[in-house]
Amino acid sequence: MCCLSHSCVVCVSPEEERRVRANDREYNEKFQYASNCIVTSKYNVITFLPVNLFEQFQEVANTYFLFLLILQLIPQISSLSWFTTIVPLVLVLSITAVKDATDDYVSKEKWMNVRVGDIIKLENNQFVAADLLLLSSSEPHSLCYIETAELDGETNMKVRQSLSVTAELGDPNSLASFDGEVVCEPPNNKLDRFCGLLCWRDCKYPLSNHNMLLRGCVLRNTETCYGLVIFAGPDTKLMQNSGRTKFKRTSIDRLMNTLVLWIFGFMVCMGVILAVGNAVWEREVGSLFQSYLAWDLPVDNFLFSAFLSFWSYVIILNTVVPISLYVSVEVIRLGHSYFINWDRKMFCPQCNTAAEARTTTLNEELGQVEYIFSDKTGTLTQNIMSFSKCSINGHFANHHLDDPEEEWEERLDFSSFNPLADPDFCYYDNGLLKSVKLGDLHSHEFFRLLSLCHTVMSEEKKEGELMYKAQSPDEGALVTAARNFGFVFRSRTPGTVTVTELGRPVTYTLLAILDFNNIRKRMSVIVRNPEGRIRLYCKGADTLLFERLHSSNNHLVNITTDHLNEYAGDGLRTLALAYRDLSEEQWEEWSERHRQADRATDCREDRLADIYEHIEQDMMLLGATAIEDKLQEGVPETIAILSLANIKIWVLTGDKQETAVNIGYSCKMLTGDMTEVFIISGNTVLSVREELRYSNYSISGEFALVINGHSLAHALEADMEGEFVSTACVCRAVICCRVTPLQKALVVELIKKHKKAVTLAIGDGANDVSMIKTAHIGVGISGQEGIQAVLASDYSFSQFRFLQRLLLVHGRWSYLRMCRFLCYFFYKNFAFTMVHFWFGFFCGFSAQTVYDQYFITLYNIVYTSLPVLAMGIFDQDVPEQRSLEYPKLYEPGQLNLLFNKREFFICITQGIYTSVVLFFVPYAILSHGTQGTGEPLADYQTFAVTTATALVIVVSVQIALDTGYWTAINHFFVWGSVGSFFTIMLAMHSQTLFSIFPNQFHFVGSAQSTLVQPLVWLTIVLATVICIVPVLAFRFLKLDLKPQLSDTLVRQKTRKPAGRCMGGVRVGGVPEGRLGARGGFRRSGYAFAHQEGFGELITSGKNMRLSSLALANFASRHSSSWIDTLNPAPTAPLWFRHDYTIYTMDHMS
């Protein structure tokens, strides 16, 4: 259908208008419009090498080592071979390049190629991959049903319709000859607006967003449709809302770049000091040896000798930051990524999907997250609505038992009672079904309202198999509930609604639909029953509907309000139901006024609203419903635990305010314990500013902030963004609703700018791609909305609850391990390198090395590399269960306590202290020491072996102290490295190697003769004790005087927890979905579409088609086959009972 990859490029078009001619590629190619092929990869075959090398040399260390390599190629200043630098440098660059190429290749997604001006065919459930002008469809009047979850997060269906002039183009031949030309606006990111003209057959037809199918939509309940490509590739509105791909680097990476510069400056200072010493020594002392130890060419004076000495020391001292550091960091990150991929506790068996680390560069930043920005639809919820509870005439009905100590009831079997029941419908309260069977009039009227008051379309392709097309999932859930309780909505025409009531087909005359909108928050229908009685049925937000009830309902309102409060505490989406009987005269009078308002040319919407308001008065309350928007498993617990870890969670959704707020309560972001929930809904800059300031001044206690997209647009302006951030960041929860994909990214960018905090964005649809790319860490949910979010993400899994484990276990451990690795790495290399600095004062500043070149080469590659790698990959301070039980353990990463500039200076100070001990203790002892034969020990080879041996032992003991979690691998690497040192050293000083390579191994037997001396071992032991004892003393004092939470946990006896510990205070087990107190107030859950409903389409008859089955024939075959199973019911229908409002259901309990 089209060639498309997940876009990372936003094209800013210079067009002033766009002209597209159908089926004329030659004409359209003159304008050089973008193709529908979007390349998400950063590289291609030609640009890979230069671009990748450019990115890698942005790392200061890589540039630094390239500079050292150039120096080592100059023989006059290099005392080390050039291969000691070029081999590891090429290795690092190669490994990183392969990793980058693999990541870039995996992120590609390919589609077929289409161009602007092409006409393409779409089929049901197919993804719309370009912005199309709808030309025709298989539905009546060329209607088209779409789902826009990828664009705005809403799963309710929306309607699009082609122009009537193109509706007849239904066959390929007509479409192939279509030569209309579209003149429209240039590419932009406005998802809700389109302006253009279709010029065809000398006529011009206006185009609007109602005629467009945007990329990211999914075709639903429409067999086929045809569309003309208007915008393709990066010009599509969805791609215009996608952010530019950014090169993500962790805060530790940025800090390391700074530290490398500092270390380089420190190294230059040491080089200057030693060069000055060289100049002084050559002038005062070296000149005395010129007669038999002349300067090498081209040195002819002490200043030039000092200059060369400076560069020689730069090369010798470069090991303070060896290139093996970056190799080790990449290996550790790769290991952490594999741990995430292999984690069976983050595997979803239902989806057969494992967690995936799609990048290896951000693992430790998972342990530093402070803000999470989450999508709602498909991320927090499953997009499944279910009929949960109801209140009928003051009586409470529940779909399951609330008492956990009672046995769970079996799921009700509706099939024996109702052959038209939906087999997937789940309900447990037998009392409600019994009341229907026994003929309770209130229950009948309750479900009769649900079967009539809606805009659902019904399709029956096979006998008895109904398929409902609902504009809102809530409506679908309510109509399905009525269907299972015996009131089955079967079909509709523009003027009738046919319902099967307890096996009896009943056709109602549909007199009017008073449609829903965002202001009314309710909808009504006026119907006439077969007996001729007229009744208005209304359902809507309880806060508005209760104001329009008859005064005789006060007692019932109080009871129903209590039920609604309970529903609200459980986070359910609520509706109130009411009715009103109308006389023929009242209907005729109102109908005439309605016709006049409907025909008005000015203020039509306002006139209709007034007419609707007039008739929706003095209604009688029937009850209330509660719909559960099913959360994903573990969402409330996850949010509660992450909140205790001091992580702030913001919900950014394209859905409307009521839906978003209800989900906020369901997942316990919002609770009844909050002092207030501030609603920012101003439409002007001044009103938004006033609301923000009022909220800011009123904050005292726990607050939440809810802001819609229009208000957010003003709040994000430069002169107001500071006020918005200061207000939002002190609130416990923030919900941004009706936001565009671009606004999501702007909110994330705002927090990054003002709070300097690590941000994480999580979503599952294409509308989340922009914020996923903008955040420091992007997480994609592989759910119902495709894989666009996954392709743009850094990490992916299938359930929101896995985020808890990703951050509190893998993220925290990755941060801890990386910090411990870096602290130890800088320590051991300063201890190793600074010995050269002290030796310079005793060798005439001649750039002579303390150790032989093989030890220098192998120190970071063999002797000390594997132990620190094992610590960096496997170490942990507390087990994973404790990490989840004590969320406060996560805070050190947020505060950046484990590796910062202070910790770095502590590490290098310890390293410098160790180097002082390792040089001066052997120097002091060996300079006066003698062998057993009386010969002195004060020779260069003995000193080098002693110092090297002491160094390896000290750093090995130090890593043994630093390791908090020992595995067999740790033991093998630590003690194996010490053993390898002695093995290699003895081999290099052996007679065998000397006989083979006499020019390479000069000091034959030096190690053997040195290590047999007791004084040497005494020196090594003394140096080790002096280095380690102060460290042990400091750590013991710190444990006693200022222990951290992890230290306390380690010292505790291992015992099975009695419950989940929240923030360091252990609490008992809390059942999922019951965290927090119930709210003491109700809120509307009227979660229908934010646009006008299908009412006008239904009454106009545009979306009607003949049923595929004859309902009359079906009804005759099912007249009384299952109604006979019921107990005798009252004979008088509810239509004629005037005591309805005082009738009680004493038999219901």
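In this text, all values refer to a predicted model and were calculated from it rather than measured experimentally.

Reading the values: rules and limits
- Numbering of residues begins from 1 in every chain and follows the order in which that chain's sequence is written.
- A pLDDT threshold of at least 70 governs which residues receive local features in this predicted model, and a stricter bar of 80 or more applies before side-chain atom pairs are shown or counted, although totals over entire chains, interfaces and linings include all residues.
- Only hydrogens and water are set aside when side-chain values are computed; all heavy atoms of the structure are taken into account.
- Every helix listed is a DSSP run of H or I at least four residues long, and every strand listed is a run of E at least two residues long, numbered separately from the N terminus.
- Partly exposed describes any residue whose relative accessible area lies between the buried limit of under 20% and the exposed limit of over 50%, with all areas from a 1.4 Å probe on protein chains only and scaled to the type maximum.
- Should any heavy atoms of two residues lie within 4.5 Å, those residues are counted as being in contact.
- Per-residue and other accessible areas follow the Shrake-Rupley method at a 1.4 Å probe size, with only the shown protein chains counted as cover for residues.
- Think of a salt bridge as a Lys or Arg side-chain nitrogen and an Asp or Glu carboxyl oxygen that are within 4 Å of each other.
- Strands are labelled as partners when DSSP assigns at least two bridges between them.
- Orientation is described by lines fitted to C-alpha atoms, with helices fitted over the stretch in contact, and by angles between N-to-C directions that extend from 0 to 180 degrees.
- The score called pLDDT rates the predictor's confidence residue by residue, from a low of 0 to a high of 100.
- Working definition: roughly parallel below 35 degrees, roughly antiparallel above 145 degrees, roughly perpendicular at 65 to 115 degrees, and oblique for all remaining angles.
- If you view the pair so one helix is near and one far, a crossing is left-handed when the near helix is turned anticlockwise from the far one by less than a right angle, and right-handed when it is turned clockwise.
- All amino acids are sorted into three groups, where Ala, Val, Leu, Ile, Met, Phe, Trp, Tyr, Cys and Pro are nonpolar, Asp, Glu, Lys and Arg are charged, and the leftover types, Gly among them, are polar.
- Note on aromatic contacts: the rings of Phe and Tyr and the six-membered ring of Trp form a pair at centre separations within 6.5 Å, being stacked when their planes are under 30 degrees apart, edge-to-face when over 60 apart, and tilted otherwise.
- Criterion for a charge above a ring: Arg CZ or Lys NZ at most 6 Å from the ring centre, at most 35 degrees from the ring normal.
- Contacts described as polar in this section are N or O atom pairs within 3.5 Å, which, within protein, must combine one atom able to donate a hydrogen with one able to accept it, while residues neighboring in sequence count only if both atoms come from side chains.
- For the purposes of this section, nonpolar cores are sets of buried Ala, Val, Leu, Ile, Met, Phe, Trp, Tyr and Cys residues that join through side-chain atoms within 4.5 Å.

Caption draft 1: Expanded view of the overall build of the protein. Looking only at helices and strands, the protein has 39 helices and 33 strands in total. When each of the 1149 residues of the protein is scored for burial, the buried share is 58%. Put simply, of all contacts in the protein between residues at least 6 apart along the chain, 77% involve residues at least 24 apart. Accessible surface for the protein amounts to roughly 47000 Å². Of this, 58% is attributable to carbon and sulfur atoms.

Caption draft 2: Layout of the pattern of salt bridges. The tally for this structure, following the rule as stated, stands at 48 salt bridges. Across the pair Arg 535 and Glu 445 runs a salt bridge, and its minimum N-O distance is 2.5 Å. Taken together, the residues Arg 535 in strand 22 (residues 534-540) and Glu 445 in helix 12 (residues 441-452) connect sequence positions 90 residues apart. When salt bridges with common partners are traced through the structure, they connect Glu 445, Arg 448, Glu 501, Arg 504, Arg 533, Arg 535 and Asp 581 into a single cluster.

Caption draft 3: Molecular detail of the sheet that holds strand 15 (residues 395-398). The strand order across the open sheet formed by nine strands is 15-14-24-23-22-21-20-19-18, and the pairing between neighbours is antiparallel. Each end of this open sheet is capped by a strand with a single partner; those strands are strand 15 and strand 18 (487-493). Between one strand axis and the next, the sheet turns by 30° as a mean value, whatever way the strands run. Relative to strand 20 (residues 504-514), strand 19 (residues 496-501) runs antiparallel, the two being bridged by six bridges. Each residue of the ladder has a partner; that of Val 497, found in strand 20, is Tyr 508. Sheet contacts for helix 12: strand 14 (381-392), strand 18, strand 19, strand 20, strand 21 (522-528), strand 22, strand 23 (573-582) and strand 24 (620-631); angle to strand 24, the most-contacted strand, approximately 60°.

Caption draft 4: Local environment of the confidence of the model for the protein. Taken residue by residue, the protein gives an average pLDDT of 82. The fraction at 70 or more is 85%. Element-level pLDDT for the protein is lowest in helix 39 (residues 1111-1117), with a mean of 38, against a maximum mean of 96 in strand 13 (residues 369-374).

Caption draft 5: Structural context of the packing of helix 28 (residues 865-874) against helix 33 (residues 968-988). Closest axis-to-axis distance for the helix 28/helix 33 pair is 8 Å, and the angle between their directions is 160°. On the basis of their axis angle, the class for helix 28 and helix 33 is roughly antiparallel. Read as a crossing pair, helix 28 and helix 33 show a hand that is left-handed. Where helix 28 approaches helix 33, its residues Leu 866, Pro 867, Ala 870, Met 871 and Phe 874 are matched on the opposing element by Ile 969, Asn 970, Phe 973, Val 974 and Ser 977. Per-class residue counts for the contact of helix 28 with helix 33 are eight nonpolar, two polar and no charged.

Caption draft 6: Structural context of the pairing of strand 28 (residues 733-737). Across the five residues that make up strand 28, a large majority, five, are buried. Alternating residues of strand 28 divide into Ala 733, Ile 735 and Cys 737 and Val 734 and Cys 736, and every residue in both groups is buried. By the bridge criterion, three bridges tie strand 25 (residues 648-652) to strand 28 in an arrangement that is parallel. By the bridge assignment, Val 651 is partnered in strand 28 with Ile 735. In terms of strand pairing, strand 27 (residues 703-708) meets strand 28 through five bridges, oriented parallel. By the bridge assignment for strand 28, Leu 705 is matched with Val 734.

Caption draft 7: Representation of the sheet that holds strand 25 within the structure. Taken in spatial order, the nine strands make up an open sheet running 12-31-30-29-13-25-28-27-26, and their pairing is mixed. Each edge of the open sheet is held by one strand with a lone partner, namely strand 12 (356-357) and strand 26 (676-680). Examined bridge by bridge, strand 26 and strand 27 share five bridges and lie parallel to one another. By the bridge assignment, Val 677 is partnered in strand 27 with Ala 704. With respect to the sheet, helix 19 (residues 657-666) is in contact with strand 26, strand 27 and strand 28, its orientation differing from that of strand 28 by roughly 155°.

Caption draft 8: Looking closely at the packing of aromatic side chains. As enumerated under the stated definition, the model contains 60 aromatic pairs in all. Between the aromatic rings of Phe 821 and Phe 825, the centroid separation amounts to 5.2 Å while the plane-to-plane angle is 50°, which identifies the pairing as tilted. Taken as a pair, Phe 821 and Phe 825 lie in helix 26 (residues 802-840) at a separation of four residues, close to a single helical turn. Exposure remark for Phe 821: the relative accessible area of 0% places this residue in the buried category. For Phe 825, a relative accessible area of 2% gives the class buried. Geometrically, the ring pair formed by Tyr 923 and Phe 943 is edge-to-face, given 6.4 Å between the ring centres and 90° between the ring planes. Remark: Phe 943 occurs in helix 32 (residues 940-962) and Tyr 923 occurs in helix 31 (residues 901-926); sequence separation between them is 20 residues. Judged by its relative accessible area of 8%, Phe 943 falls in the buried class. An aromatic cluster of at least three residues, connected via ring pairs, comprises Phe 837, Trp 838, Phe 839, Phe 841, Phe 842, Phe 845, Phe 919, Phe 920, Tyr 923, Tyr 940 and Phe 943. The ring of Phe 347 carries the charged tip of Arg 344 above its face, separated from the ring centre by 4.6 Å.

Caption draft 9: Up close: the side chain of Ser 711. Mapped onto the elements of the fold, Ser 711 is located in helix 21 (residues 709-715). A distance of 2.6 Å separates a polar side-chain atom of Ser 711 from the backbone oxygen of Gly 682.

Caption draft 10: Just the nonpolar core, in detail. Formed by 101 residues in total, the largest nonpolar core has its most connected members in Val 321, Leu 325, Phe 821, Leu 822, Tyr 851, Phe 855 and Leu 951. The element best represented in this core is helix 26, accounting for 18 residues. Discounting chain neighbours no more than four positions away, the residues touching Leu 325 are Met 256, Phe 821, Leu 822, Phe 825 and Phe 826. If you look at the next biggest cluster of nonpolar residues, it comprises 58 residues, including Met 385, Cys 453, Val 488 and Ile 1098.

Caption draft 11: Summary view of the environment of Tyr 697. Assignment of secondary structure puts Tyr 697 in helix 20 (residues 685-698). Tyr 697 sits 30 residues away from Thr 727 along the chain, and the two C-alpha atoms are 9.0 Å apart.

Caption draft 12: Region of the structure containing unusual backbone geometry. For Leu 502, which is not glycine, the phi dihedral falls at a positive 50°. Mapping Leu 502 onto the fold places it in the loop between strand 19 and strand 20. On the basis of relative accessibility, which here comes to 10%, the residue Leu 502 falls in the buried class. Even without glycine at this site, Lys 756 takes up a positive phi of about 50°. Inspection of the secondary structure assignment puts Lys 756 in the loop between helix 23 (741-755) and strand 29 (758-763). The class of Lys 756 is exposed, set by a relative accessible area of 69%.

Caption draft 13: Structural context of the packing of helix 18 (residues 635-644) against helix 26. It is at 9 Å that the axes of helix 18 and helix 26 come closest, and there the two elements cross at 25°. With respect to helix 26, the element helix 18 is oriented roughly parallel. Between helix 18 and helix 26 the crossing geometry is left-handed. Two secondary-structure elements touch here, helix 18 through Thr 638, Ile 641 and Leu 642 and helix 26 through Leu 803, Gln 804, Leu 807 and Leu 808. Residues of the contact of helix 18 with helix 26, tallied by class, amount to five nonpolar, two polar and no charged.

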